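Residues per chain, in single letters:
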Amino acid sequence: MDISQFDASILGHRTPDPLQFAFAGKSSAHAGRGGRPLTTPEAQTARMDQLLASEPVPGRARCLYVHIPFCRVRCTFCSFFQYAASPDWIHGYLQGLWQELENKARQPWVQAAPFDAVYVGGGTPTDMSAGQIQELGQRLRRLFPLSDDCEMTLEGRLNGFNDDKFDAALHGGFNRFSFGVQSFDSQVRRAAKRLDLRDAVMSRLQQLAAADAAPIIIDLLFGLPFQDEACWQRDIADFLASGAHGVDLYQLIEMQGTPMARLIEQGKQPPPAMTPMKARMYAYGAQTLEAAGLTRLSVSHWARDARERSRYNALAKTSADVLPLGAGAGGNINGVALMQHRDLPAYQESFTRTPWPVAMMMEPAPQAARDGLLKAAFDRGILDANLWARAGEPELFQTLSPLLRAWAERGLLELRADSAELTLAGRFWSVNMAQGALTALADRT
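Calculation rules
Residues numbered from 1 in each chain as written. Predicted model: local features only at pLDDT ≥ 70, side-chain atom pairs only at ≥ 80, totals over all residues. Heavy atoms only, no water. Core = buried A, V, L, I, M, F, W, Y, C linked by side-chain atoms within 4.5 Å. Buried < 20%, exposed > 50% of the residue type's maximum accessible area, 1.4 Å probe, protein only. Contact = heavy atoms within 4.5 Å. Phe/Tyr/Trp six-rings, centres within 6.5 Å; stacked < 30°, edge-to-face > 60°. Helix = DSSP H or I, 4+ residues; strand = E, 2+ residues; numbered from the N terminus. Salt bridge = Lys/Arg side-chain N within 4 Å of Asp/Glu carboxyl O. Expected span 1.5 Å × (residues − 1). Arc of directions from axis to C-beta. Disulfide = S-S within 2.5 Å. Pairing = 2+ DSSP bridges. Axes fitted to C-alpha atoms, helices over the stretch in contact; angles between N-to-C directions.

## Some remarks on the nonpolar core
Of all hydrophobic cores here, the largest spans 113 residues; its most connected members are Leu97, Leu136, Leu140, Phe144, Phe177, Leu220 and Trp407. With sequence-adjacent residues up to four places away left out, phenylalanine 144 is seen in contact with Leu64, Leu101, Ala105, Val110, Gln111, Phe115, Leu323 and Leu325.

Structure follows, in structure tokens:
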């Protein structure tokens with residue numbers, strides 16, 4: 001590999017402070033490369049028929065992703081809001097979802113091997129009623145082959161997630177819960193249109209964690225308006241005091257068209273943190289969590305005890321198959337990327353023409369399996385030549401070695417004979433580095 005052709009967008013800058021200044025900013029939310037799209041509904045349906053009649057790839061992990069596209073309130077930073085939650089809308093949507101579950105569960109590819117993880121996301125799945133949550137879990141367990149230790153996650157918000165819903169979810173088979181706290185600070189939460197203030201969030205989180213019925217996980221965002229470094233330090237302390245079993249630390253990615261962007265443009269909110277400050281916030285969070293004894297499972301996720309595996313997140317970022325279910329759900333089967341109709345009328349109407357509500361389908365990019373290995377390695381923070389060799393890529397580490405040496409010189413990783421481990425700075429910039437590796441390899445496919 002000749003790295004002389006690459007600029008700082010791939011190599012990073014030579015700087016005494018790579019944590020803050022190795023790159024100009026985060027390149028994207030996720031690393032990846034596209035493949036060849038199938039553009040006609042007829043081609044998509046035929047390809048989906050073929051995929052679901054095929055045999056699974058032996059040994060490849062499999063997941064289910066179920067999308068519930070409703071929220072009572074749109075958070076100011078969110079660019080994924082689709083529909084306001086209402087009992088009638090949710091009821092009508094679930095009738096279509098039940099039909100999709102039945103259609104897909106009958107297919108040979110689905111029944112041929114167990115699924116390792118299930119993730120119900122959104123939207124706000126906890127805006128469903130207790131009965132609907134339990135029914136969804138029970139239908140998934142009845143219709144789909146799940147492994148004995150399948151991780152089954154329900155995502156949502158703490159507001160409105162009462163004991164009836166918690167008990168119903170447990171009875172439905174959910175064994176992991178992920179809540180988008182984002183920040184405990186009341187001012188930050190008000191500005192972001194979160195529904196509860198700090199004391200209510202802490203109280204409910206402590207109750208759920210103390211019940212010890214399943215791992216309770218939270219997401220925290222760093223870089224929000226009004227969230228300075230002192231506020232972030234309190235957020236980390238509040239998580240540690242909550243008793244929750246795991247935490248994801250995510251950098252705020254500023255997206256155009258969000259309510260937050262408009263409020264900032266109108267001068268009604270201060271701008272979010274700049275990248276150097278977000279880098280310091282990440283470093284503080286990572287170092288504090290690890291000093292408190294938590295185990296780092298990825299560059300963004302920490303666990304308090306062994307029950308928390310973050311299995312779906314780890315598998316979905318590799319070449320694992322992800323079967324999408326519901327409006328707006330995305331996934332992939334045998335490397336073919338899928339996105340289902342986001343628009344509810346289009347989703348529901350599609351069942352009159354085909355069992356598969358596919359809006360977009362893309363054939364695998366060249367070397368898609370190799371790309372999955374790379375993305376998974378950067379997400380873990382460890383690039384292991386021996387692991388890649390066992391996965392069928394014995395030359396990958398050597399091929400990347402000129403780029404790895406450049407990153408080592410810039411303080412982004414520690415390079416050994418047959419492995420590389422991202423430094424704290426490298427973990428902060430892991431998406432940029434993963435995308436850089438994919439770009440560097442693009443002309444070698």
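## As for the packing of aromatic side chains
This structure, assessed with the given rule, holds 20 aromatic pairs. Between phenylalanine 222 and tyrosine 282, the ring centres sit 6.2 Å apart and the planes meet at 45°, which makes this aromatic pair tilted. On the criterion of sequence distance, the pair formed by phenylalanine 222 in strand 8 (residues 216–222) and tyrosine 282 in helix 12 (residues 275–291) is long-range, its members being 60 residues apart. There is no split in this pair, since phenylalanine 222 and tyrosine 282 are both buried. Chaining the aromatic ring pairs together yields one cluster made of Phe23, Phe222, Trp232, Tyr282, Trp302, Phe428 and Trp429.

## Quick look at the pattern of salt bridges
Enumeration over the complete set of coordinates arrives at 24 salt bridges. A salt bridge links arginine 139 to glutamate 135; the nearest nitrogen and oxygen atoms lie 2.9 Å apart. Residue arginine 139 and its partner glutamate 135 are both found in helix 6 (residues 130–143); the two are separated by 4 residues, about one turn of the helix. Accessibility expressed as a relative area gives 17% for arginine 139, which makes it buried. Under the relative-accessibility criterion, glutamate 135 is labelled partly exposed at 30%. Between glutamate 421 and arginine 416 there is a salt bridge, with the nearest N and O atoms lying 3.5 Å from each other. Where salt bridges share partners, they join Glu290, Arg296, Glu414, Arg416 and Glu421 into one cluster.

## Some details on helix 6
Taking 1.5 Å of rise per residue, 14 residues should cover 20 Å, and helix 6 covers 20 Å from first to last C-alpha, within 8% of that figure. If you check which residues of helix 6 are buried, you get Gln132, Ile133, Leu136, Gly137, Arg139, Leu140 and Leu143. Along helix 6, the residues classed as buried sweep out an arc of 160° about the axis, all on the same side.

## Some words on helix 7 (residues 163–172)
Where helix 7 is concerned, the buried positions are Lys165, Phe166, Ala168, Ala169 and Gly172. Axial view of helix 7: buried residues confined to an arc of 165°, hence all on one face. Those residues of helix 7 that are exposed and angled more than 90 degrees off the buried face are Asp164 and His171.

## Re the state of the cysteines
Across all of its chains, the model carries 0 disulfides by this definition. Cysteine 63 forms no disulfide, and the closest cysteine sulfur to it belongs to cysteine 150, at a distance of 8.2 Å. Left unpaired, cysteine 78 is separated from the closest cysteine sulfur, that of cysteine 75, by 6.3 Å.

## Details of the environment of cysteine 63
Tracing the sequence through the fold places cysteine 63 in strand 2 (residues 62–68). Taking the C-alpha atoms as reference points, cysteine 63 and lysine 268, separated by 205 residues in sequence, lie 42 Å from one another. With near-sequence residues (within four places) excluded, cysteine 63 lies in contact with Phe115, Ala117, Tyr312, Leu315, Asp321, Val322 and Leu323.

## Quick look at the pairing of strand 2
In terms of residue burial, strand 2 counts as a mostly covered element, since 7 of its 7 residues are buried. Side-chain alternation along strand 2 places Arg62, Leu64, Val66 and Ile68 on one buried face and Cys63, Tyr65 and His67 on a second face that is also buried. With 5 bridges joining them, strand 2 and strand 12 (residues 321–325) adopt parallel strand pairing. Counted as the bridge partner of tyrosine 65 is proline 324 from strand 12. Note: strand 2 against strand 5 (residues 115–122), 6 bridges, orientation parallel.

## Overview of the environment of glycine 381
Turning to its location among the elements, glycine 381 is positioned in the loop between helix 15 (368–380) and strand 16 (382–384). On the basis of relative accessibility, which here comes to 0%, the residue glycine 381 falls in the buried class. Taking the C-alpha atoms as reference, glycine 381 lies 25 Å from valine 181; in sequence the two are 200 residues apart.

## Describing the sheet that holds strand 17 (residues 413–415)
The strand order across the open sheet built from 3 strands is 16-18-17, with neighbouring strands paired in antiparallel fashion. Strands with a single pairing partner mark the edges of an open sheet, and in this sheet they are strand 16 and strand 17. Shown here is a sheet whose adjacent strand axes are inclined to one another by a mean of 15°, direction ignored.

## Some remarks on the environment of isoleucine 236
With respect to the element layout, isoleucine 236 can be found in helix 10 (residues 229–242). Assessed through its relative accessible area of 1%, isoleucine 236 is described here as buried. Excluding residues that lie within four positions of it along the chain, isoleucine 236 makes contacts with Leu220, Leu249, Tyr284, Gly285, Thr288 and Leu289.

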